Amino acid sequence: MKAAPESQKRLLDLAELDSVIDRLAHRRRTLPELAEIDELAKRLARLATQVIEAETEAGDLAREQTKAESDVDTVRARAERDQKRLDSGAVTSPRDLASLQSEIGSLQRRQGDLEEVVLEIMERREAADTKVRDLVAQRDEVASARAAAEDRRDAAFAEIDKEAADTQGRRTAVAAEIPADLLALYTKLKDQYAVGAAMLRHGRCQGCKVALSIAEMNAIKAAPHDEVLRCEECRRILVRTAESGL
Ligand SMILES: [Zn+2]
């Protein structure tokens, strides 16, 4: 392939711009914020589940407490009713009086036991409510950390995208100056090797950093200026400049 030396040199500008574009794309893909957001999202999902579990437990205990309190009320009402009967003087038979007093006694013991149950449930409920509050606070903290990381990510994206758009604009202008067949070869090699063209600098290919042999340098010296050369080592287009050492 033949191409004017100036067109070949423009390939080096193109390669430089392409490497900037590639670096920006890499930076966009590997922003630390992306891993951070992933991690925070996982923690948030775990905390959301834990909050639901803790809220369910607290709700169950609240219902349990209501039930236990109503048991206390029932027993107390029965004891009060019995006490009223006793106080009314309507019961006169000693056997009935003894039976009534015994029932009141056992109802009072039963009430005491049930009140213990209520206290025990209240303690567990208090612990469950504290756990809900702690988990909700943790969840809110992680949610705001994630929002902050997303803001940092978006700011970094905006900066990268602006630089990429500027670079892409310059690249389009440079590419327009390069003949279609040379540009097609460059594009094919770039797709294959990530970098399509490299400078021959002081007898060394800047693409693969391999020094050319004397025979290779002599062949290059003998080649016409508009001949498109390729590095024997890395197959990239090898561009001659004043620094090539020819
Ligand atoms: Zn090379």
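This text follows the structure it describes.
Bear in mind that the values here come from a model prediction, so they are computed numbers and not experimental data.

A. Geometry of the packing of aromatic side chains. In the structure shown here, the tally under the stated rule is 0 aromatic pairs. The aromatic ring of Phe157 is capped on one face by Arg28, whose charged end is 3.8 Å from the ring centroid.

B. Seen up close, the nonpolar core. Ranked by size, the top nonpolar core spans 21 residues in total, and within it Leu135 and Val142 carry the most contacts. When residues of this core are traced back to their parent elements, those giving at least two are α2 (32–88) and α3 (94–175). Top contributing element to this core by residue count: α2, with 12 residues. Not counting chain neighbours up to four residues away, the residues in contact with Leu135 comprise Leu47, Gln50, Val51 and Ala54. Among the nonpolar cores identified, the runner-up in size contains 17 residues, and Ala3, Leu11, Leu17 and Ile178 belong to it.

C. Main features of the coordination of the zinc ion. Ligation of the zinc ion by protein atoms is provided by Cys205 (SG), Cys208 (SG), Cys231 (SG) and Cys234 (SG), these donors lying 2.3 Å from the ion. One chain supplies every donor for the zinc ion, spaced along it as C-x2-C-x22-C-x2-C. Residue Cys208 is classed as partly exposed on the basis of its relative accessible area, which comes to 25%.

D. Structural detail: the pairing of strand β4 (residues 237–240). Taking every second residue as pointing to the same face, both faces of β4 are buried, with Ile237 and Val239 on one and Leu238 and Arg240 on the other. Relative to β4, strand β1 (residues 197–201) is paired through 4 bridges, and the arrangement is parallel. Counterpart to Ala198 in the pairing with β4 is Leu238. Strand direction decides the pairing type here: strand β3 (residues 229–230) and β4, joined by 2 bridges, are antiparallel. Each residue of the ladder has a partner; that of Leu229, found in β4, is Leu238. Two successive antiparallel strands, β3 and β4, enclose a turn made up of 6 residues, where Arg235 displays a positive phi of approximately 70°.

About the cut-offs
Residue numbers here run from 1 along each chain, matching the order of that chain's written sequence. Totals for whole chains, interfaces and linings use all residues, but because this is a predicted model, local features are given only for residues with pLDDT of at least 70 and pairs of side-chain atoms are given and counted only at 80 or more. In computing side-chain properties, one takes all heavy atoms of the structure into account and sets aside hydrogens as well as water. Pairing of aromatic side chains requires ring centres within 6.5 Å, counting the rings of Phe and Tyr and the six-membered ring of Trp. Pairs whose planes differ by under 30 degrees are stacked, by over 60 edge-to-face, and all others tilted. A ring has a charge above it when a Lys NZ or an Arg CZ is no more than 6 Å from the ring centre and no more than 35 degrees off the ring normal. Here the nonpolar core consists of buried residues drawn from Ala, Val, Leu, Ile, Met, Phe, Trp, Tyr and Cys, with membership extended through side-chain atoms lying within 4.5 Å. We call a residue buried when its accessible area falls under 20% of the maximum for its residue type, exposed when it is over 50%, and partly exposed in between, using a 1.4 Å probe and counting protein chains only. We count a stretch as a helix when DSSP gives it H or I for four or more residues in a row; a strand needs E for two or more, and each element gets its number in order from the N terminus. The contact rule is simple, with two residues in contact once any of their heavy atoms fall within 4.5 Å. Coordinating donors are taken as N, O and S atoms within 2.8 Å of the metal, stretched to 3.2 Å for Na, K and Ca; because water is absent from the atoms, sites can appear incomplete. DSSP calls a pair of strands paired once it identifies at least 2 bridges connecting them.

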